[in-house]
Amino acid sequence: SMAGGAPPAAAKPAKKRTTLSWQEQQEYTKLSKEMEALGKKRDALQERVSGLASSGGDFKALEAAAAELAGLVAKIEEVEVRWLELAEIAGDI
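Sequence order as written defines the numbering, with residues in each chain counted from 1. Local features in this predicted model are restricted to residues of pLDDT 70 or higher, and side-chain atom pairs are both shown and tallied only at a pLDDT of 80 or more, whereas totals for entire chains, interfaces and linings draw on every residue. Computation of side-chain values: all heavy atoms of the structure, hydrogens and water removed.

J.: Can you help me understand the overall build of the protein in this one?
T.: Secondary structure counts use DSSP, requiring at least four H or I residues in a row for a helix and at least two E residues in a row for a strand, with both numbered from the N terminus. When you go through the protein residue by residue, the secondary structure sums to two helices and zero strands. Exposure is judged per residue with a 1.4 Å probe applied to protein chains only, and the accessible area is read against the type maximum: over 50% gives exposed, under 20% gives buried, and values in between give partly exposed. Buried residues in the protein amount to 23% of all 93 residues. When contacts within the protein are restricted to residue pairs at least 6 apart in sequence, those whose partners lie at least 24 apart make up 69%. Working definition of accessibility: Shrake-Rupley area with a 1.4 Å probe, residue cover restricted to the visible protein chains. Entry remark: accessible area of the protein is about 6,900 Å², with carbon and sulfur atoms responsible for 59%. The contact definition used throughout considers only heavy atoms, calling two residues in contact when any of these lie within 4.5 Å.

Laid out in structure tokens, this is it:
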């Protein structure tokens, strides 16, 4: 037991990292571009879903577009989680 001994070094508050490693920087750049591309794709799909919904015509096409949109939104959220982690380290948010 560590009774009376010095606390382990890990007990010290870790200094907050404010720089990304080279690898993280590459990933951050890639994710930023990916998010931008996914965002544009999402906007276009949302427009398509709205158009199909308001025309009240092709239900199958609407269903397919809506399912694709849901998948895209889930993918964006996944990418965003990692992007936010890196952005926070980089001090961008």
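J.: How do you make sense of the packing of aromatic side chains when you look at a structure like this?
T.: Each aromatic ring pair is described using two quantities: the centre-to-centre distance and the angle formed by the ring planes. Only Phe, Tyr and Trp rings take part, Trp by its six-membered ring, and two of them pair if their centres are within 6.5 Å. Stacked means planes under 30 degrees apart, edge-to-face means over 60, and tilted covers everything else. Applying the stated criterion across every chain, the model contains one aromatic pair. A centroid spacing of 5.8 Å and a plane angle of 35° characterise the contact between Y28 and W83, whose relative ring orientation is tilted. Within this pair, whereas Y28 is found in helix α1 (residues 22-55), its partner W83 is found in helix α2 (residues 59-90), the two being separated by 55 residues in sequence. Given the relative accessible area of 19%, W83 is considered buried.

J.: Just checking my understanding: could you explain the pattern of salt bridges for this structure?
T.: Should the charged atoms of two oppositely charged side chains come close, the side chains can pair. A carboxyl oxygen of Asp or Glu within 4 Å of a side-chain nitrogen of Lys or Arg is what we treat as a salt bridge. The final tally for this structure, using the stated rule, is five salt bridges. Across the pair E34 and K75 runs a salt bridge whose closest N-O atoms are separated by 3.5 Å. Of this pair, E34 sits in helix α1 while K75 sits in helix α2, and the two are 41 residues apart along the sequence. E34 gets classed as partly exposed once you look at its relative accessible area, which sits at 23%. Across the pair K40 and E36 runs a salt bridge whose closest N-O atoms are separated by 3.7 Å. With K40 and E36 both in helix α1 and four residues apart, this pair spans about one turn of that helix.

J.: Would you explain the nonpolar core in this entry?
T.: Generally speaking, nonpolar side chains in soluble globular proteins are found buried as a group. Residues enter a nonpolar core if they are buried and are Ala, Val, Leu, Ile, Met, Phe, Trp, Tyr or Cys, with the set joined through side-chain atoms within 4.5 Å. If you look at the biggest cluster of nonpolar residues, it comprises 19 residues, and the most contacted ones within it are Y28 and W83. Elements supplying a minimum of two residues to this core: α1 and α2. If we skip the residues at most four places from it in the chain, W83 touches Y28, L31, S32 and M35.

J.: I would appreciate a short explanation of α1 in the present structure.
T.: Multiplying one less than the number of residues by 1.5 Å gives the expected span of a helix. Taking 1.5 Å per residue, 34 residues should reach 50 Å; α1 reaches 50 Å between its end C-alpha atoms and fits that length. Within α1, burial applies to E24, Y28, L31, M35, L38, G39, L45, V49 and L52. Looking at the packing, one finds that the buried side of α1 touches α2. Just downstream of α1, G56 is the residue with a positive phi angle, here 60°.

J.: Would you take a moment to explain α2 for this structure?
T.: One full turn of an α-helix is made of 3.6 residues, so residues set three or four places apart face in the same direction. Along its 32 residues, α2 runs 45 Å from first to last C-alpha, staying within 8% of the 46 Å computed at 1.5 Å per residue. Within α2, the full set of buried residues consists of A61, L62, A65, L69, L72, I76, V79, W83, L86, A87 and I89. Here the buried face of α2 lies against α1. G91 lies just past α2 and shows a positive phi near 80°.

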